[in-house]
Amino acid sequence: MMTQRLWLGLAVVYTCTAVVQLYLLASTGAVWAGTLTAVGFVAALLCVLAAWKAPKRERDDTREIDSHHP
C-alpha cells in the first residue's frame with residue numbers, strides 16, 4: 001500500500017510539472033517546454049502504471065516470505 005501511494009504521489013508531481021511546462025509552451029512558444037511537457041506526461045503515466053502493479057507485487061512478496069515460515 002505504501003509503495004502504491006509513493007508511485008501515485010510521483011505521478012501527481014510529474015503531472016503538475018507537465019502542466020506548468022504546458023503553460024510555458026502556450027505563453028512563450030518555447031520548443032523545450034513542449035518537449036518537457038511530453039516527458040512529464042509520459043513519466044506520470046509510467047508512475048500510474050507502476051502504482052497499478054504495486055499491490056500485486058507486494059502480495060507476491062508477502063506470500064514468498066510467508067512460505068519460508070513453517
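This structure is a prediction, so every number in the text was calculated from the model and none was measured.

A. Layout of the overall build of the protein. For the protein, the count of helices and strands is 2 helices and 0 strands. In the protein, which comprises 70 residues, the share counted as buried stands at 19%. Sequence-distant contacts in the protein: of pairs separated by 6 or more residues, those separated by 24 or more amount to 62%.

B. Spatial organisation of the UniProt feature "transmembrane region" (unreviewed entry) in the protein. Those places that UniProt annotates as "transmembrane region" (unreviewed entry) correspond, in this numbering, to residues 7-26 and 32-52. The straight-line gap between the two end C-alpha atoms of residues 7-26 is 28 Å; of that span, 100% is helix and 0% is strand. Overall, residues 32-52 shows 100% helix and 0% strand. The separation of its end C-alpha atoms is 30 Å.

C. Structural view of the environment of Leu-10. With respect to the secondary-structure elements, Leu-10 resides in helix H1 (residues 2-28). The spatial distance from the C-alpha of Leu-10 to the C-alpha of Ala-51 is 9.6 Å, given a sequence separation of 41 residues.

D. Examining the environment of Thr-28 more closely. Among the secondary structure elements, Thr-28 is positioned in helix H1. By relative accessible area, which is 53% here, Thr-28 ends up exposed. One polar contact links the side chain of Thr-28 to the main-chain carbonyl oxygen of Leu-24, over a distance of 2.6 Å. A polar side-chain atom of Thr-28 sits 3.3 Å from the main-chain amide nitrogen of Ala-30.

Procedures and definitions
Residues numbered from 1 in each chain as written. Predicted model: local features only at pLDDT ≥ 70, side-chain atom pairs only at ≥ 80, totals over all residues. Heavy atoms only, no water. Helix = DSSP H or I, 4+ residues; strand = E, 2+ residues; numbered from the N terminus. Buried < 20%, exposed > 50% of the residue type's maximum accessible area, 1.4 Å probe, protein only. Contact = heavy atoms within 4.5 Å. UniProt positions renumbered as here; feature names shortened; annotations may be inferred. Polar contact = N/O pair within 3.5 Å; in protein donor to acceptor, adjacent residues only side chain to side chain.

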